[in-house]
Amino acid sequence: MATTQEQKATPNILNNTTTTTSSWADPLRNRPSVATVISAVDSFSDPPPNTTSTTKGIPVMTRAQTCHPLDPLSAAEISVAVATVRAAGATPEVRDSMRFVEVVLVEPDKQVVALADAYFFPPFQPSLLPRTKGGPLIPTKLPPRKARLVVYNKRSNETSIWIVELREVHAATRGGHHRGKVISSEVVPNVQPPMDAVEYAECEAAVKDFPPFREAMKRRGIEDMDLVMVDAWCVGYHSEADAPSRRLAKPLIFCRTESDCPMENGYARPVEGIHILVDMQNMEILEFEDRKLIPLPPADPLRNYTSGETRGGVDRSDVKPLQIIQPEGPSFRVNGHFIQWQKWNFRIGFTPREGLVIYSVAYIDGSRGRRPVAHRLSFVEMVVPYGDPNDPHYRKNAFDAGEDGLGKNAHSLKKGCDCLGYIKYFDAHFTNFNGGVETIENCVCLHEEDHGILWKHQDWRTGLAEVRRSRRLTVSFICTVANYEYGFFWHFYQDGKIEAEVKLTGILSLGALQPGESRKYGTTIAPGLYAPVHQHFFVARMDMAVDCKPGEAFNQVVEVDVKIEEPGKNNVHNNAFYAEEKLLKSESEAMRDCNPLSARHWIVRNTRTVNRTGQLTGYKLVPGSNCLPLAGSEAKFLRRAAFLKHNLWVTPYVPGEMHPGGEFPNQNPRVGEGLATWVQKNRSLEEADIVLWYVFGITHIPRLEDWPVMPVERIGFMLMVFHSKLAYFIAILSVQK
């Protein structure tokens, strides 16, 4: 039994306070070390409070819950959260007007995650927790899970944020019964939340039913409204007329040629010259003008993406089957959302905004055991600015994560098409606008891939050769935002590398031309049709933890440039160059851009851990191809996207700093909100809990061969092991033939 003084000095791992209450059990307080091996528990039921069991003399925590703190919300939990908030509405009118934009997990503190991984969920890892005098203080249960809801009131045009504590979730489906508790609610003034698929459908119907629009389409030879496609694009923010006091959209119009051809490429026939402004709150047409009659591009079956025969051609017949087989099954192991593969282990999650999230990334490195790499990896925003100054293309500045949601636009993947080999799929659950729960089956794909040669050497004296094949584990999802498809991939390699990759494909967003006209700001790809130049930018947020336990803040960032040695006594042959390091000491110093001429890269290193040669361990961020915005500094979209002005930003971890353009970029009138504002504090980075924000993009100048569909283009970056034992001859020592 610990003394009272020892109890007061023992930290409460859940909230960093001290406690002496009896609701906490300490089954290991008499054990000599927190590294005691905890055996797995078979029971998945909720135990009585303060109960423990014993396995071969070792005290064991009874498992108090089956959901890991980082597991994404289940369908039942989403239902509970929605029902709880709806029931809290003050009047029937308020409850009826609630629209549910987003319901996500409130991610717990890193210490709570460490506690769960240490004692509540296998493989048990007590070494995650710091040693404390008298041993660790362990609760019998983890804190209740919480949900965060973004709610739009369709009657009042207000946006609010609710926090709900989830309880008795298994009862959620019984007659609408809910067992949640509202922790807080707050109205967020002067914002508009992301658009929803329900709104898109309602907007299309409202536009098609508008008599002046029907007349305008008749002038273009279209009377069948079933042929018309209305894409409700957010207005962005270009002037006070776009202020968030109204919920607005400026749709783009397209027109198919056949109503009974579901695979027809309707984006091949843009309707230009029509100006429409829609009040998305009341689904009313606020402004309408038929400004210029531009003929529809002529119908052409070659532009469709159906089989070759339907387009007047034939499909390829010279491609033989390619089979990926694993007769003994995959090398990875899956337990819920916990993944183990080779020496890697991590958890996966999914949010409506970001899509795939990778948590608690670690590498098992021989005698050094579990070595953390990152706490959380995800893509938090993407921006697609167009370079044509003509209407309506200058307004195409989509924030596909913040205005729409990458996760909510994900779709089911099909074996043999989207993924090959032995596949493990994960479903994703979301709320729809009306509060119902929708499930995207097979939303996330997990599989292994052969990746060519990892290492090879041949001894010319003996003629003997050794070679190692490279294999990688890939976790991915694909989303469709209007005309474009984006595939997001995280690759884990055997030599300790992590690669993030984005694949861009789908259909180009096009404009119509007058006969004989061409555009300086795009490529003519067919008669009466051109593709504007544009850029795609992606923001990866990487909450790093290189060789750091939860609660430790021992990371820093170093910039490395290759320098040419000045001619002189140190460079008599004029061939010398060397790598020079510069510590990024503060946020203002850490606003950096890529420089391929100096092979610039950045290293996140641990300030207190060294490898066997005495050098600090770390991971380096190796940029791939990249670019910066080509728009002028006064471009309106840069008010909301100031984070695009640099390729790298570094901040110390703060729980609420998640979205580089602010949480609500839709119609956002504020300048530089989000990342550009946070770094003005100029916080120290010399030894901190580091978050990397890497901005990478591609400039797309469409080619004729991009039409009718755009081939896949790939961009990304690497996180590579630097000065770490696990990278030392790993190809020879750690990978089997």
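About the criteria used
- Residues numbered from 1 in each chain as written.
- Predicted model: local features only at pLDDT ≥ 70, side-chain atom pairs only at ≥ 80, totals over all residues.
- Heavy atoms only, no water.
- UniProt positions renumbered as here; feature names shortened; annotations may be inferred.
- Helix = DSSP H or I, 4+ residues; strand = E, 2+ residues; numbered from the N terminus.
- Buried < 20%, exposed > 50% of the residue type's maximum accessible area, 1.4 Å probe, protein only.
- Contact = heavy atoms within 4.5 Å.
- Polar contact = N/O pair within 3.5 Å; in protein donor to acceptor, adjacent residues only side chain to side chain.
- Phe/Tyr/Trp six-rings, centres within 6.5 Å; stacked < 30°, edge-to-face > 60°.
- Expected span 1.5 Å × (residues − 1).

Identification of the chain as Amine oxidase from Glycine max is taken from an unreviewed UniProt entry. The record held by UniProt for the chain lists under Sequence similarities (unreviewed entry) the comment "Belongs to the copper/topaquinone oxidase family." In its Subcellular location (unreviewed entry) section, the UniProt record describing the chain reads: "Peroxisome".

**Student:** Would you mind going over the environment of arginine 303 with me for this structure?
**Tutor:** Secondary-structure assignment places arginine 303 in the loop between β16 (284-290) and β17 (333-335). You can call arginine 303 buried: its relative accessible area is 3%. In the structure, arginine 303 is positioned 223 residues away from alanine 526 in sequence and 9.4 Å away in space, judged by C-alpha atoms.

**Student:** Can you help me understand the UniProt feature "active site" (unreviewed entry) in the chain in this one?
**Tutor:** Mapped onto this structure's residue numbering, the UniProt feature "active site" (unreviewed entry) falls at Asp400 and Tyr484. Taking the farthest pair of C-alpha atoms as the criterion, the annotated set spanning 85 residues converges on one region, since that pair is 10.3 Å apart. Take aspartate 400: it is sitting in helix α7 (residues 400-404). When sequence neighbours within four positions are dropped, the list of residues in contact with aspartate 400 reads Glu381, Met382, Val384, Gly405, Leu406, Val481 and Tyr486. By secondary structure assignment, the location of tyrosine 484 is in strand β26 (residues 484-493). Within the structure, the side chain of tyrosine 484 is placed 2.9 Å from the side chain of histidine 534, a separation counted as a polar contact.

**Student:** In this structure, what is going on with the packing of aromatic side chains? I would like to understand it.
**Tutor:** Two numbers describe a pair of aromatic rings. These are the distance of the centres and the angle of the planes. For the coordinates displayed, the defined rule picks out 20 aromatic pairs. Taking 5.4 Å as the distance between ring centres and 80 degrees as the angle between the ring planes, the aromatic pair formed by phenylalanine 350 and phenylalanine 477 counts as edge-to-face. In this pair, phenylalanine 350 sits in strand β19 (residues 344-351) while phenylalanine 477 sits in strand β25 (residues 465-481), placing the two residues 127 residues apart along the sequence. Comparing phenylalanine 350 with phenylalanine 477 shows no difference in burial state: the two are buried. Measuring from centroid to centroid gives 5.5 Å for tyrosine 484 and tyrosine 486, while their planes differ by 20 degrees, and the two rings are stacked. The same class applies to tyrosine 484 as to tyrosine 486, namely buried.

**Student:** Looking at this structure, how should I read the environment of alanine 76?
**Tutor:** Tracing the backbone shows alanine 76 in helix α2 (residues 75-87). Taking the C-alpha atoms as reference points, alanine 76 and valine 437, 361 residues apart in sequence, are found 8.6 Å from one another.

**Student:** Teacher, can you tell me more about helix α5 (residues 197-208) here?
**Tutor:** Helical geometry note: an α-helix holds 3.6 residues per turn, so side chains three or four residues apart project in the same direction. Between its first and last C-alpha, α5 extends 17 Å over 12 residues, near the 16 Å set by a 1.5 Å rise per residue. Along α5, the residues that are buried comprise Glu199, Cys203, Ala206, Val207 and Lys208. Buried-residue contacts for α5 involve α6 (211-218), β11 (228-231), β15 (274-279) and β16.

**Student:** Looking at this structure, how should I read the side chain of histidine 700?
**Tutor:** By secondary structure assignment, the location of histidine 700 is in strand β37 (residues 690-700). A residue is classified by how much of its surface remains accessible, and histidine 700, at 4% relative accessible area, is buried. Within the structure, the side chain of histidine 700 is placed 3.0 Å from the side chain of tyrosine 484, a separation counted as a polar contact.

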